[in-house]
Amino acid sequence: MHYNTLLIFRNGPFENNKNRDCLDIALACSAFDIPISLLFIGDAVLQLTRDLESQIIAQKNIANTLRALEMYDIDKIYVSAADLSRFNLDESSLIVSCNILEQADIALLIRRQDKVINL
Amino acid sequence: MHYNTLLIFRNGPFENNKNRDCLDIALACSAFDIPISLLFIGDAVLQLTRDLESQIIAQKNIANTLRALEMYDIDKIYVSAADLSRFNLDESSLIVSCNILEQADIALLIRRQDKVINL
Amino acid sequence: MMELLEYETLHIINKNPGNTQIYADCIQNLLEGDAVLLIEAAVYASCDKTMALYFPKYIPLYTLKADVDARGISQRMSDEYSSIDDDEFVKLCCLYRKSISWF
Amino acid sequence: MMELLEYETLHIINKNPGNTQIYADCIQNLLEGDAVLLIEAAVYASCDKTMALYFPKYIPLYTLKADVDARGISQRMSDEYSSIDDDEFVKLCCLYRKSISWF
Amino acid sequence: MIFSLLIYASNNFTQTEQTALRFTRSALRQGHSVHRVFFYGESASSASSLRVTMRDETDVTEQWLTLAAAEQLDMVVCIAAAVRRGVIDKQEAKRHKKDTANLLAGFTLSGLGQLADAIIHSDRLVTFGN
Amino acid sequence: MIFSLLIYASNNFTQTEQTALRFTRSALRQGHSVHRVFFYGESASSASSLRVTMRDETDVTEQWLTLAAAEQLDMVVCIAAAVRRGVIDKQEAKRHKKDTANLLAGFTLSGLGQLADAIIHSDRLVTFGN
């Protein structure tokens with residue numbers, strides 16, 4: 001079987017549970033040695049920014065889990081360049097080190113996968 | 001207290017339970033003699049068309065409830081003219097008799113209300 | 001002739017600006033005397049300069065402070081918006097004759 | 001150089017065309033060799049002549065027959081789309097190397 | 001002023017109930033009264049006694065119950081929405097031949113008439129949904 | 001071919017599970033195998049034994065159970081998603097000190113490892129969500 005797996009994050013922080021649920025899938029896949037990549041597009045790029053203060057609205061912050069991804073050897077994290085610039089963000093605004101991709105490369109990243117989960 | 005109440009329907013048929021839930025509110029309000037109006041905008045105008053075949057996808061059809069509204073003296077049913085024409089529909093395509101409103105009149109209808117429920 | 005009231009409908013939006021249909025539905029139904037309050041994910045709309053242009057100039061625009069702060073965007077909010085706390089949210093609901101939630 | 005395969009990704013959309021962000025996200029990532037299948041509320045997109053123009057010409061477009069029939073729109077579907085039944089849906093999933101669901 | 005709240009949100013949108021809770025607290029703090037909080041649609045599942053909140057998360061239902069106890073809040077869950085989602089009191093358990101009930105004490109199951117009543121008896125109806 | 005399904009949809013979107021069910025039936029009818037159906041997120045609530053389906057509605061969960069029994073389908077509900085929504089088996093009831101369990105027989109609670117396993121052991125993973 002082929003199982004290079006991509007997890008696509010598309011939702012803004014605190015919007016719903018999808019980013020957290022997707023991140024939990026990432027951790028489980030990693031424990032099973034599935035080669036995974038994480039892609040953040042649209043509002044999900046905001047999930048990676050430093051200045052989220054989840055306690056103000058009594059929501060769970062997944063920043064700690066995101067920061068811990070490296071420990072799980074999850075280092076293929078990709079972010080849409082277009083969406084970063086749409087929100088006036090750059091690499092220095094992000095809490096994890098990411099590969100910033102132009103749209104054409106995002107499409108190629110998706111093509112390379114065997115399985116895609118896109119919550 | 002003032003309680004002229006408007007229920008706004010915005011969802012297409014079978015999309016989720018919102019139209020059904022909103023219709024159940026209408027029936028309950030009517031039983032309590034609350035003066036209510038129903039407004040169908042956007043994809044919800046499709047909910048009023050004749051040619052839905054819910055059994056094909058094992059979903060509940062609320063057409064019978066819509067047809068029964070008259071029996072409950074719910075006759076203030078308004079539909080967006082712009083959305084009807086967007087789907088190439090007219091009054092003859094609909095299963096209930098409606099007042100077809102231009103956008104400016106929809107805004108005035110909303111203004112006249114004391115309470116609005118917009119699922 | 002419709003009676004002119006000063007504080008009519010408070011429109012509350014809680015979806016992010018990517019939900020264009022919701023914003024269009026709300027904006028189309030704004031009349032003078034109405035106001036718009038952005039809460040939860042909708043506060044991101046306040047960072048978007050072009051978004052503010054879609055709202056008629058005569059409509060007061062508010063954001064809910066807790067949501068702005070939680071998302072760390074208070075510095076990026078357009079000038080058109082005033083940030084209000086929970087108590088002011090309740091006060092707006094009292095001031096305006098009714099509210100409509102768009103979600 | 002990327003290996004050219006004939007049947008790559010089947011993109012499955014199930015939201016109505018009012019969800020513009022979802023369609024944009026999907027369309028931006030279409031490459032030659034991909035296909036699009038509209039199911040559930042997404043079949044309404046097939047009635048929208050302008051919508052078909054957004055999809056690249058080289059992308060095969062499908063609708064799920066049960067959803068088209070349930071919504072009574074088989075007569076209004078644009079020529080660009082082929083309507084398929086559940087068995088053909090499964091066959092498409094076998095034919096294409098992987099699927100992505102956009103919701 | 002007399003407020004009533006209509007809550008209509010999936011559990012997947014955890015912020016909605018939290019916003020509604022803050023609104024309710026603020027209204028009460030300012031001396032307003034809250035006639036009723038009506039849980040409809042997916043929000044009915046909040047009233048299940050079998051839910052478990054993770055250690056690192058806020059249990060918004062517990063916060064509702066605390067506030068309701070302190071302020072005599074009337075928290076009504078739509079009965080049709082509830083039974084459809086497996087939230088039932090003893091009476092519904094009996095009616096539908098289920099061997100257990102799981103409605104949290106502090107919530108009441110009732111019909112949409114309670115929402116209609118809230119529309120009639122409140123100055124303002126504010127919806128928190130998703 | 002070996003399929004696995006990921007189901008991730010709120011109960012408010014009743015069509016999603018129905019589409020997934022039709023897909024599964026068709027795949028099996030065509031001689032494919034279905035390695036696992038994994039219920040995640042809001043879909044976990046489908047596995048509650050306390051849910052009641054109205055007379056004029058289709059009970060999609062019952063249809064899943066019938067199909068699963070006939071075809072030895074492995075229907076796994078994500079344990080974290082389930083306990084958060086008040087769907088628990090006997091073991092979880094004990095662990096969280098709840099006096100009753102409500103997981104429908106025919107479903108198994110397990111971790112996301114079962115989804116990872118499905119990714120590894122299936123030719124195709126198809127997601128039905130909302």
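So, a few notes on the structure that sits alongside this text. Computed from a predicted model, the values in this text were never measured in an experiment.

**Structural notes on the overall build of chain E**
Then, number 1: Each helix and strand counted, chain E has 5 helices and 5 strands in total.
Then, number 2: Element order for chain E, N to C, with α for helix and β for strand: β-α-β-α-β-α-α-β-α-β.
Then, number 3: Taking 130 residues into account, the globule formula puts the C-alpha radius of gyration at 14 Å, and chain E, at 14 Å, falls close to it.
Then, number 4: When its C-alpha atoms are laid out on the principal axes, chain E stretches across 45 × 40 × 25 Å.
Then, number 5: Taken over 130 residues, chain E has a buried fraction of 64%.
Then, number 6: Taking all contacts inside chain E whose residues are at least 6 apart in sequence as the whole, residues at least 24 apart take part in 79%.

**Points about the packing of aromatic side chains**
Then, number 1: If you walk through the whole model with that rule in mind, you get 23 aromatic pairs over all chains.
Then, number 2: Relative to Tyr40(E), the ring of Phe38(E) has its centre 6.1 Å away and its plane inclined at 55°; by these criteria the two rings are tilted. Residues Phe38(E) and Tyr40(E) agree in their burial class; the two are buried.
Then, number 3: Each ring, one from Phe39(F) and one from Trp64(F), has its centre 5.7 Å from the other, and the planes form 85°; the classification is edge-to-face. Remark: Trp64(F) occurs in helix H2 (residues 60–71) and Phe39(F) occurs in strand E2 (residues 33–39); sequence separation between them is 25 residues.
Then, number 4: On the basis of relative accessibility, which here comes to 1%, the residue Phe39(F) falls in the buried class.
Then, number 5: Look at Trp64(F) and you get buried, because its relative accessible area is 0%.
Then, number 6: One aromatic cluster is present, formed by Phe89(C), Phe3(E), Phe23(E) and Phe128(E) through successive ring pairs.

**Details of the relation of the copies chain E and chain F**
Then, number 1: Taken as rigid bodies, chain E and chain F are interconverted by a rotation of 180° and an axial shift of 0.0 Å, the fit giving an RMSD of 0.0 Å. Here the transformation between the copies is reduced to the relation of a two-fold axis.

**Section: the interface of chain C and chain E**
Then, number 1: If you look at the interface, chain C gives 22 residues, while chain E gives 20 residues.
Then, number 2: Taken together, both faces of the contact between chain C and chain E bury some 1600 Å²; the carbon and sulfur share is 52%.
Then, number 3: The largest contributions to the chain C side of the interface with chain E come from Val90(C), Cys94(C) and Phe103(C), which together make up 30% of the buried area.
Then, number 4: Connecting chain C to chain E are 2 salt bridges.
Then, number 5: Counting every contact that joins chain C to chain E gives 16 residue pairs in polar contact (both at pLDDT 80 or more).

**A few points about the pairing of strand E2 (residues 35–38) of chain C**
All names here are of chain C.
Then, number 1: Side chains Ala35 and Leu37 of E2 all project onto a buried face; the interleaved residues Val36 and Leu38 project onto the opposite face, where all are buried too.
Then, number 2: With 4 bridges joining them, strand E1 (residues 9–13) and E2 adopt parallel strand pairing. By the bridge assignment for E2, Leu10 is matched with Ala35.
Then, number 3: As for the winding sense of the linkage, the β-α-β connection from E1 through helix H1 (residues 20–28) to E2 is right-handed.
Then, number 4: The sheet contact formed by E2 and strand E3 (residues 61–64) spans 3 bridges and is parallel. If you follow Val36 over to E3, its bridge partner there is Leu61.

**Let's talk about the interface of chain E and chain F**
Then, number 1: Between chain E and chain F, the contact holds 21 residues from the first and 21 residues from the second.
Then, number 2: If you sort the residues of chain E by the area they bury against chain F, Leu50(E), Val52(E) and Arg84(E) come out on top, with a joint share of 31%.
Then, number 3: Seen at the junction of chain E and chain F, the total is 2 salt bridges.
Then, number 4: Between Arg84(F) and Glu57(E) there is a salt bridge whose closest N-O contact spans 3.0 Å.
Then, number 5: At the boundary of chain E with chain F, the tally comes to 12 residue pairs in polar contact (both at pLDDT 80 or more).
Then, number 6: Looking at side-chain class alone, the side of chain E that touches chain F contains 6 nonpolar, 9 polar and 6 charged residues.

**Structural notes on the packing of helix H4 (residues 86–95) of chain C against helix H1 (residues 14–29) of chain E**
Then, number 1: Contact pair H4(C) / H1(E): the axes reach a minimum separation of 9 Å and the direction vectors enclose 75°. Taken as axis vectors, H4(C) and H1(E) run roughly perpendicular relative to one another. Two secondary-structure elements touch here, H4(C) through Asp86(C), Asp87(C), Phe89(C), Val90(C) and Cys93(C) and H1(E) through Arg22(E), Phe23(E), Ser26(E), Ala27(E) and Arg29(E).
Then, number 2: Split by residue class, the contact of H4(C) with H1(E) holds 5 nonpolar, 1 polar and 4 charged.

Conventions adopted
Residues numbered from 1 in each chain as written. Chains lettered and ligands numbered in written order. Predicted model: local features only at pLDDT ≥ 70, side-chain atom pairs only at ≥ 80, totals over all residues. Heavy atoms only, no water. Helix = DSSP H or I, 4+ residues; strand = E, 2+ residues; numbered from the N terminus. Rg over C-alpha atoms; globule rule 2.2 N^0.38 Å. Buried < 20%, exposed > 50% of the residue type's maximum accessible area, 1.4 Å probe, protein only. Contact = heavy atoms within 4.5 Å. Phe/Tyr/Trp six-rings, centres within 6.5 Å; stacked < 30°, edge-to-face > 60°. Least-squares fit on C-alpha atoms with pLDDT ≥ 70 in both. Buried area = accessible area lost by both parts, 1.4 Å probe. Salt bridge = Lys/Arg side-chain N within 4 Å of Asp/Glu carboxyl O. Polar contact = N/O pair within 3.5 Å; in protein donor to acceptor, adjacent residues only side chain to side chain. Pairing = 2+ DSSP bridges. Right-handed = clockwise from strand over helix to strand, strands pointing away. Nonpolar A, V, L, I, M, F, W, Y, C, P; charged D, E, K, R; others polar. Axes fitted to C-alpha atoms, helices over the stretch in contact; angles between N-to-C directions. Parallel < 35°, antiparallel > 145°, perpendicular 65-115°, else oblique.

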